[in-house]
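Observations on the model geometry
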Amino acid sequence: MRMPGSRFQSGDMVMGRWPGSSLFYEVKVLSYDAKIQLYTVIYKDGTELELREADMKNPTGFKPSRRSRSRSPSRRRSRSRSPARTTRRSSSRTTSGTFATETPAARKEPKMKEVLEIRLSPVARPVENNGHKHENKENDTADKVNEKPAEQEKILESRYNLRRRKDDGDAKPAEQTEEEAEPKPAAATAPITTELELGGRLGVSCMMLFLPVAVLGLMVVCSQEDASLMSPPSLPALDSLLDPHVFGMVVLWFLFQALLYVLPVGKVVEGIPLKNGEWLKYRMNTLHAFVLTVAALGAAVHQGVDLSYIHSHFLQLAVSSLLFSVLLSVYLYVRSRWAPQDQLAPGGNSGSVIYDFFMGSELNPRIKGFDLKYFCELRPGLMGWLVINAAMALSEMKLHNLDYPSPAMILVNCFHLFYVLDAYWHEEAVLCYMDTTHAGFGFMLVFGDLMWVPFTFSLQSYYLVYHPNHLSLPWIVGIVTLNVIGFSIFRKANSQKNAFRRNPSDPTLSHLKTIPTATGKSLLVSGLWGLVRHPNYLGDLIMALAWSLPCGFTHILPYFYVIYLTTLLVHREARDEAQCRRKYGSAWDDYCREVRYRIIPRVY
Ligand SMILES: NC(=O)C1=CN([C@@H]2O[C@H](COP(=O)(O)OP(=O)(O)OC[C@H]3O[C@@H](n4cnc5c(N)ncnc54)[C@H](OP(=O)(O)O)[C@@H]3O)[C@@H](O)[C@H]2O)C=CC1
Ligand SMILES: CC(C)CCC[C@@H](C)[C@H]1CC=C2C3=C(CC[C@@]21C)[C@@]1(C)CC[C@H](O)C(C)(C)[C@@H]1CC3
């Protein structure tokens, strides 16, 4: 069968690299996914894997290997230091990434140790803090790998199933010699997005119209006495919605946060390697920015600024944020037309203006070192959400003549504050989340970050201003306990997975059972990751419920966040499931057999 746009065709017998090694085996090509540019191949022992074109060769130019797999480290080292192996990176950073950063002209086969280092290297590595190199566990890991390659390799091989699974005689590994190596093609062209998500052009067009209207609609209903979704909302005059003064404030807020982002405080770390071999650097200073924002707002309030302005201009603020999101998305789309091909996101390069505008074409749009996607994901929206919550607490006190906010308002404020501070405390982890590594930055994420997050996540506090809810002590204790349970699951699951991905040999995780996969990575199969396949989602959902309960049971509207999060996470889970099945093949099926439930134990 012909597979358009691919070098190899379905049914071709080619040589495929065994993941994590420099060995090539004969494989049969099964299919090609143009979207992610991966071939599904099957080895003679029945293992199905996904390989990049760069890891596949024509059978000509190979000879069966006579060497044993475990060459001495010194040998590996001398080969990897061959003058032909120039890299884009400085010599001080050869701990990982050699594979990803070789210049196309000089690209040769990476050695096994290097590949292992790539797979196991930290997702985010500190670079400097005002000139000083930082030390942390992650970097230690990478350094250890470099210092004791043989030892490290032994540990890794014991954790990872890097050997062929069955019948060694069946498929002979072949090794490519230096002379025989074909130069790999430079990744100059971006993958064309062929499979359109979310209902394609029509779907994203509807979402683009419907989502902003939905946010504004929810806000209007929330401010009504009868906050029922069934009762017709009393619509505000359209011309009152766009206020240039309010728009100016939204722009100022964005610029203020941008200023805090570029302050030279906080360490700089490298994200995960991009497909084009680049390692982007990110400054980690959300906590500094948070403290400075609180100080600035405190000073403003002290000077007589009335934060309840946010409450009285809530709709106008949302409309201005929407306008700002649209303008920013247009800018992002236009600049993506000039972006180098290798910096385009795999999911936002369909050629359809509307679809690419929505999904985002450019993966990591930057102005000099200023990373727009990373900045928007954590700062103006999340921080804005907290400021809105605080403003709602003040407005509640004002409206109901209270000396303190109500217990329900205090709970909602504290829960949200805690969630955002946790995200800031674990800021580096965001560098490896799907949105950072894979998604283009377009209208969906811009709108999500700048309008959806601040104005829908704060609906509970907005609701409480007009709909006070008395909470008895047992309820307060119950709700706090629920949030603590949810948070513990969320945090433990995320931290365990992140720690395991950074360093699978981490002694603190040695009690956990794992399933090896043919890619060299393992899957956690005990502890929380043995309870359900997405314990972090479970924790997030329990917390979401705890955030809504303080608002009582009179209306469904405060439960909007739980409904949104359930929908989003169920969709994400299904997408991730499909990706992992493609990536890990039969090992994923084994994992699913062992861990039967996806998010909720014994239910789903
Ligand atoms: N509040 C909100 O609006 C939202 C919050 N979130 C939260 O963000 C966080 C990140 O979510 P997201 O990026 O979607 O997904 P995850 O952090 O769950 O990442 C999924 C990846 O984890 C790895 N993995 C899966 N199972 C295992 C296992 N058993 N052992 C080891 N690794 C495994 C796989 O990647 P690999 O094997 O390649 O490492 C898989 O692709 C979550 O806590 C989620 O709740 C997300 C969206 C919205
Ligand atoms: C417009 C749509 C309907 C959907 C928009 C989705 C976005 C709002 C979310 C996609 C993933 C997100 C994450 C967080 C916030 C919401 C968005 C942007 C997150 C930053 C919240 C704080 C967490 O601790 C986190 C794990 C860092 C989250 C990462 C994903």
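Since this is a predicted model, take the numbers as computed values, not measurements. (Residues numbered from 1 in each chain as written. Chains lettered and ligands numbered in written order. Predicted model: local features only at pLDDT ≥ 70, side-chain atom pairs only at ≥ 80, totals over all residues. Heavy atoms only, no water.)

Points about the nonpolar core
Counting residues in hydrophobic clusters, the biggest one holds 127 residues, and the most contacted among them are Met219 and Phe455. In contact with Phe455, other than residues within four places in its own chain, are Val215, Met219, Phe314, Leu317, Ala318, Ser321, Ile388 and Leu450. In this structure, Val14, Trp18, Tyr32 and Met56 belong to the second largest nonpolar core, which totals 14 residues. (Core = buried A, V, L, I, M, F, W, Y, C linked by side-chain atoms within 4.5 Å. Buried < 20%, exposed > 50% of the residue type's maximum accessible area, 1.4 Å probe, protein only. Contact = heavy atoms within 4.5 Å.)

A closer look at the site of ligand 1
The immediate surroundings of ligand 1 are formed by 27 residues, with Arg501, Tyr537, Asp540, Asp576 and Tyr584 found nearest. Separating an oxygen atom of ligand 1 from a side-chain N or O atom of Asn494 is a distance of 3.0 Å. In this structure, a nitrogen atom belonging to ligand 1 sits 3.2 Å away from a side-chain N or O atom of Tyr561. Coverage of ligand 1 by the protein amounts to 89% of the 930 Å² it exposes when considered alone. Elements that contribute at least two residues to the shell around ligand 1 include exactly helix H18 (473-502), strand S14 (522-524), helix H20 (535-548) and helix H21 (560-584). Examining the composition of the shell around ligand 1, we find that ten residues originate from one element, H21, more than from any other. For the shell around ligand 1, the residue count by class is 17 nonpolar, three polar and seven charged. (Near = heavy atom within 4 Å. Polar contact = N/O pair within 3.5 Å; in protein donor to acceptor, adjacent residues only side chain to side chain. Areas by Shrake-Rupley, 256 points an atom, 1.4 Å probe, with all protein chains shown as cover. Helix = DSSP H or I, 4+ residues; strand = E, 2+ residues; numbered from the N terminus. Nonpolar A, V, L, I, M, F, W, Y, C, P; charged D, E, K, R; others polar.)

Structural notes on the UniProt feature "transmembrane region" (unreviewed entry) in the protein chain
UniProt marks residues 202-221, 241-263, 284-302, 314-334, 437-459, 471-490, 511-532 and 544-565 with the feature "transmembrane region" (unreviewed entry), using the numbering shown here. Annotation note: span residues 471-490, helix share 90%, strand share 0%, distance between end C-alpha atoms 26 Å. Overall, residues 544-565 shows 50% helix and 0% strand. The separation of its end C-alpha atoms is 8 Å. (UniProt positions renumbered as here; feature names shortened; annotations may be inferred.)

Focus: the packing of aromatic side chains
Counted under the stated rule, the structure contains 35 aromatic pairs. On the basis of an interplanar angle of 15° and a centroid distance of 6.0 Å, the ring pair of Phe357 and Phe443 is categorised as stacked. Of the two residues, Phe357 sits in helix H11 (residues 353-359) while Phe443 sits in helix H16 (residues 443-456), which places them 86 residues apart along the sequence. The same class applies to Phe357 as to Phe443, namely buried. Ring centres of Trp385 and Trp547 lie 6.0 Å apart, and the angle between their planes is 55°; on these two criteria the pair is classed as tilted. With Trp385 in helix H13 (residues 380-399) and Trp547 in helix H20, the pair connects residues that are 162 residues apart, well separated along the chain. (Phe/Tyr/Trp six-rings, centres within 6.5 Å; stacked < 30°, edge-to-face > 60°.)

Focus on helix H17 (residues 459-466)
Where burial is concerned, most of H17 is hidden: seven out of the eight residues are buried. The complete set of buried residues in H17 reads Leu459, Gln460, Ser461, Tyr462, Tyr463, Leu464 and Val465.

Focus on the site of ligand 2
Close to ligand 2 lie 14 residues; Tyr419, Ala423, Tyr433, Asp435 and Asp449 are nearest. Compared with its free state, where it exposes 640 Å², ligand 2 has 89% of that area covered by protein. The set of elements that each furnish at least two residues to the shell around ligand 2 consists of helix H14 (407-425), H16 and H21. Class assignment for the residues of the shell around ligand 2 results in nine nonpolar, one polar and four charged.

Let's talk about a nonpolar patch on the surface
A contiguous nonpolar patch, built from Val326, Val330, Val334 and Trp338 and spanning about 390 Å² of accessible area, is present on the exposed surface. When you line up the elements, Trp338 lands in the loop between helix H10 (314-336) and H11. Given a relative accessible area of 69%, Trp338 falls into the exposed group. (Patch = residues over 30% accessible without salt bridge, like charges linked within 9 Å, V, L, I, M, F, W, Y side chains within 5 Å. Salt bridge = Lys/Arg side-chain N within 4 Å of Asp/Glu carboxyl O.)

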